[in-house]
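Coordinates in review
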Amino acid sequence: QVQLVESGGGLVQPGGSLRLSCTASGNSVSLGGTSWYRQAPGNQRESIAHIASSGNTVYADSIKGRFTLSRDNGKNTVYLQMDSLKPEDTAVYYCNAQVFSPSIGRWSDYWGQGTQVTVSS
């Protein structure tokens, strides 16, 4: 019943921007702390950013100053604004979050399905 879904990926030129969304769905669910990861072909999955329920954020050095996290708790959505994109940002981007479901009665860990970001001229 609880799902975590990413959207907003696509093809963009170097220097361009994209905004990714991570949305939790389910009956009266609450989206808690949310992390973003990415995985490029042949590479291990890399942790790049985290936003707590409070809105406190942490960024990896690889994206610091270019990517910005925000959240809309009313929509159970976390956004990853990606600016000044580089070819090396090309990867599948995943969100990972704690989601509270009243029907389950606890916080649980969920992963999104991933969304492809391709930065190329």
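As the structure is a computational prediction, the values presented were derived from the model and not from experiment.

Counted under the stated rule, the structure contains one disulfide. Shown here is the disulfide that connects C22 with C95, its sulfur atoms set 2.1 Å apart. An S-S torsion of about 75° defines the bridge between C22 and C95 as right-handed. Within this pair, whereas C22 is found in strand 3 (residues 18-25), its partner C95 is found in strand 9 (residues 91-101), the two being separated by 73 residues in sequence. C95 gets classed as buried once you look at its relative accessible area, which sits at 0%.

For the rest of this paragraph, the subject is the pattern of salt bridges. For the structure on display, the rule yields four salt bridges. Here D89 makes a salt bridge to R38, at a shortest N to O gap of 2.9 Å. Taken as a pair, D89 in the loop between strand 8 (77-82) and strand 9 and R38 in strand 4 (residues 30-39) lie far apart in primary sequence, 51 residues in all. Note that K64 and D61 form a salt bridge whose closest N and O atoms lie 3.2 Å from each other. Among the charged side chains, a network of salt bridges with common partners joins R38, E46, R66 and D89.

Criteria and cut-off values
- Residues numbered from 1 in each chain as written.
- Predicted model: local features only at pLDDT ≥ 70, side-chain atom pairs only at ≥ 80, totals over all residues.
- Heavy atoms only, no water.
- Disulfide = S-S within 2.5 Å.
- Helix = DSSP H or I, 4+ residues; strand = E, 2+ residues; numbered from the N terminus.
- Buried < 20%, exposed > 50% of the residue type's maximum accessible area, 1.4 Å probe, protein only.
- Salt bridge = Lys/Arg side-chain N within 4 Å of Asp/Glu carboxyl O.

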